[in-house]
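A closer look at the structure
Chain residues, written in single-letter form:
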Amino acid sequence: LSLDDEMVGLLHVNVTTPREAIDAARTAIESLIKRNPRLSPQFVRLGFKDCVGGCDGCLAVADPDNRGLEVPIAALNPVVDAYSKHGVTRADLWALAAMTGADVAQHPRERVDFKFEHYGRQTCEMSRETCRDINKGIVPCDATHGPHRRFPSADLTTHELLRFFEQSFGFDMRQTVAIMGAHTLGRLRRQNSGFDGEKGWVDHQERLDNEYYQALVGGNSPNDSLDVQINDTPNWQQRFIDNRNLPSVLDRYQWEPKRGNGGNHNGDDSNDGRDNKDDSDDNDNDNDNRDKRGENDRNRRHLRSGKRNTRDNESLGEVMTNVDIALVRDMEGFLAGDGKASCEFKERSNREQNRMRTCPVAHTLPQMAIYNSDNMAW
């Protein structure tokens, strides 16, 4: 990481108390994000991954679930070196980076900063945990060699998703639906997760707002009819992603919005549903994405009605995983072990072409509708 004079100055602030160390670290982290906005979603992802099983500032980066996280860890190393003092630990600074990433990604007019009130989290070295490498061999604990943790699958049903967050964090249904909205940030890369989502879950992948809920729920009010909430949405359909050209990366099924009610399901495209396109670097197209925000806003307004500027049955760019769809559709009994769904997001107009059942409505839909209509409530 190359540091300019301004950044060097931010890392050499004289601090004498924990609060001063935290404030100085926050300023340095905000400067890192300003220089590279892609770090905002990466810090949020790092914070979540680190806190599965306990926020200890240690992550097994060799674990396939953690692919790509060596980037935000390396970016934070100078901040950790400078401000891990006066009782503030690396685990604290990783958590601070996640919260700061969420803060600065919000729209200035609706920004609600998260309070960072607690510090003194123990790192894995301090708590004498057992850390392992990719082969499960015991290794010395440090930032990139953490304890083995079980992360949630991208193919969970509604019940499985709620159970994971209840058991792991004590979250209720409302809190689980809320934290899933963090998927409005970032994108999915085949070499990391197996999903082909360079454009992210939503249009504005560097903005933290309720666009995620707007892509999954119809209407503008939680009082809208169930029919509106179900049908005034994109026509999400599954597509198979073939990752055989990527070592140790699983094949995937992902959901994409299609124009109109036509199109093929579960990979029955003209190319047999298989996509071997290589991903670009994390920083590619950042300026281009910001230049196109006006166009994206117009597309967003027409997304639900299928009026976006695409050819018939062409993907609109955004993607959802099964666990995202599970917030509005209950796929219990319809989801195979490989992630292929045997039910559809919503009923097609031409049932003669496809007699697959429509997925039942998930009981989390009413909470999704609240966040869809009210960003501040979310």
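Okay, so let's go over this structure. (Residues numbered from 1 in each chain as written. Predicted model: local features only at pLDDT ≥ 70, side-chain atom pairs only at ≥ 80, totals over all residues. Heavy atoms only, no water.)

**Brief notes about the packing of helix H3 (residues 39-51) against helix H5 (residues 90-104)**
Formally: Angles run from 0 to 180 degrees between N-to-C directions of axes, and those axes are lines fitted to C-alpha atoms, restricted for helices to the stretch in contact. Secondary structure is summarised from DSSP: a helix means a run of H or I of at least four residues, a strand means a run of E of at least two, and numbering begins at the N terminus for each. Between 65 and 115 degrees an angle is taken as roughly perpendicular, under 35 as roughly parallel, over 145 as roughly antiparallel, and anywhere else as oblique. In this scheme the crossing of two helices becomes right-handed for a clockwise turn of the near helix relative to the far one and left-handed for an anticlockwise turn of less than a right angle. Any pair of residues with heavy atoms lying within 4.5 Å of one another is described as a contacting pair. Note on residue classes: Ala, Val, Leu, Ile, Met, Phe, Trp, Tyr, Cys and Pro are nonpolar, Asp, Glu, Lys and Arg are charged, and everything else, Gly too, is polar.
Between H3 and H5, whose axes approach to 7 Å, the crossing angle comes to 140°. Here H3 lies oblique to H5, going by the angle between them. In this structure, H3 crosses over H5, and the sense of that crossing is left-handed. Touching Ser40, Phe43, Val44, Leu46, Gly47 and Asp50 of H3 are Trp94, Ala97, Ala98, Gly101, Ala102 and Val104, all from H5. Class assignment for the residues of the contact of H3 with H5 results in eight nonpolar, three polar and one charged.

**With respect to the pairing of strand E3 (residues 235-241)**
Note the cut-off: Whether a residue is buried, partly exposed or exposed follows from its accessible area with a 1.4 Å probe, protein chains only, as a fraction of its type maximum: under 20%, in between, or over 50%, in that order. Two strands pair if DSSP finds at least two bridges between them.
Counting buried positions along E3 gives seven out of seven residues, so the element sits mostly inside the fold. Alternating residues of E3 divide into Asn235, Gln237, Arg239 and Ile241 and Trp236, Gln238 and Phe240, and every residue in both groups is buried. Bridge count for E3 against strand E4 (residues 252-258) is seven bridges, and the pairing is antiparallel. The residue of E4 that forms the bridge with Phe240 is Tyr253.

**Some points on empty space enclosed by the protein**
To keep things clear, this is the line we draw: Only protein atoms enter the 1 Å grid, on which a cavity is a set of points fitting a 1.4 Å probe that cannot get out and a pocket is an open set with protein on both sides within 12 Å along at least 5 of 7 lines, lining residues being those with an atom within 4 Å of a point. Grid points are joined across faces, edges and corners, and a volume is the space filled by probe spheres set on the points.
One pass over the full model with this rule turns up three cavities of 30 Å³ or more. Computed from the structure, the second largest cavity encloses a volume of approximately 40 Å³. Along its surface, the second largest cavity is lined by Cys58, Leu59, Ala60, Asp63, Asn66, Pro147, His148, Arg149 and Phe151. A breakdown of the residues in the lining of the second largest cavity according to their chemical character gives five nonpolar, two polar and two charged.

**Examining the nonpolar core**
We count it as follows: By convention a nonpolar core is built from buried Ala, Val, Leu, Ile, Met, Phe, Trp, Tyr and Cys residues, the set being connected through side-chain atoms within 4.5 Å.
Core analysis: the largest hydrophobic core is formed by 40 residues, its most contacted members being Tyr212, Leu216, Met320 and Met331. Of all the secondary-structure elements, those providing two or more residues to this core are helix H6 (158-169), helix H7 (173-180), helix H9 (211-216), helix H13 (322-325) and helix H14 (365-373). Contacts of Tyr212, omitting those with residues within four sequence positions, involve Met180, Gly181, His183, Thr184, Trp201, Val202, Met320, Asp324 and Leu327. The next biggest cluster of nonpolar side chains, apart from the first, holds 33 residues, and it includes Leu11, Tyr83, Val88 and Ala95.

**Considerations on H5**
The cut-off we apply is this: One less than the number of residues in a helix, times 1.5 Å, gives the span that helix is expected to have. For the purposes of these results, a polar contact is taken to be a pair of N or O atoms within 3.5 Å, where, inside protein, one atom must be able to donate a hydrogen and its partner to accept one; residues adjacent in sequence count only when each atom of the pair is a side-chain atom.
Relative to the 21 Å expected for 15 residues at 1.5 Å per residue, H5 spans 21 Å between its end C-alpha atoms, a close match to the ideal helical length. When you tally the buried positions in H5, you get 14 out of 15 residues, the bulk of the element. The N-cap residue of H5 is Thr89: its side-chain oxygen and the backbone nitrogen of Ala91 are 3.3 Å apart.

**Observations regarding the packing of aromatic side chains**
To be explicit about the condition: Pairing of aromatic rings covers Phe, Tyr and the six-membered ring of Trp, with a centre-to-centre limit of 6.5 Å; geometry is then stacked below 30 degrees between planes, edge-to-face above 60, and tilted otherwise. Placement of a charge over a ring requires the Lys NZ or Arg CZ to be within 6 Å of the ring centre, with the centre-to-atom vector within 35 degrees of the ring normal.
By the definition in use, this model includes ten aromatic pairs. Among the aromatic residues, ring-to-ring pairing joins Phe48, Phe164, Phe165, Phe169 and Phe171 into one connected group. Here the basic side chain of Lys49 rests over the ring of Phe151, its NZ or CZ set 4.3 Å away from the ring centre.

**Some remarks on the pairing of E4**
A large share of E4 lies buried, amounting to seven of its seven residues. Of the two faces of E4, the one lined by Arg252, Gln254, Glu256 and Lys258 and the one lined by Tyr253, Trp255 and Pro257 are each fully buried.

**Some remarks on the environment of Asp23**
Mapping Asp23 onto the fold places it in helix H2 (residues 18-35). On the basis of relative accessible area, Asp23 is assigned to the partly exposed category, the value being 39%.

**Let's talk about the side chain of Thr89**
Assignment of secondary structure puts Thr89 in the loop between helix H4 (70-83) and H5. Within the structure, the side chain of Thr89 is placed 2.7 Å from the backbone oxygen of Arg121, a separation counted as a polar contact. In this view, Thr89 contacts Ser84, Gly120, Arg121, Thr123 and Met126; residues no more than four positions away in its chain are not counted.

**Observations concerning the pattern of salt bridges**
Short version of the rule: Here a salt bridge means any side-chain nitrogen of Lys or Arg lying within 4 Å of a carboxyl oxygen belonging to Asp or Glu.
Within this structure, the stated rule accounts for 13 salt bridges. We note a salt bridge from Asp103 to Arg26, for which the minimum N-O separation is 3.3 Å. Here Asp103 is found in helix H5, whereas its partner Arg26 is found in helix H2, with 77 residues between them in sequence. Here Asp103 and Arg26 have matching classes, each one buried. A single salt-bridge network, built from bridges that share partners, covers Glu30, Arg111 and Asp113.

**A look at the packing of H2 against H5**
Where H2 meets H5, the axes come as close as 10 Å, and the angle between the chain directions of the two elements is 55°. Judged by the inter-axis angle, H2 sits oblique to H5. The two elements H2 and H5 cross, and the hand of that crossing is right-handed. Residues Ile22, Ala25, Arg26, Ile29, Glu30 and Ile33 of H2 form the contact with H5, whose participating residues are Leu93, Leu96, Ala97, Thr100, Gly101, Asp103 and Val104. Of the residues in the contact of H2 with H5, the class split is eight nonpolar, two polar and three charged.

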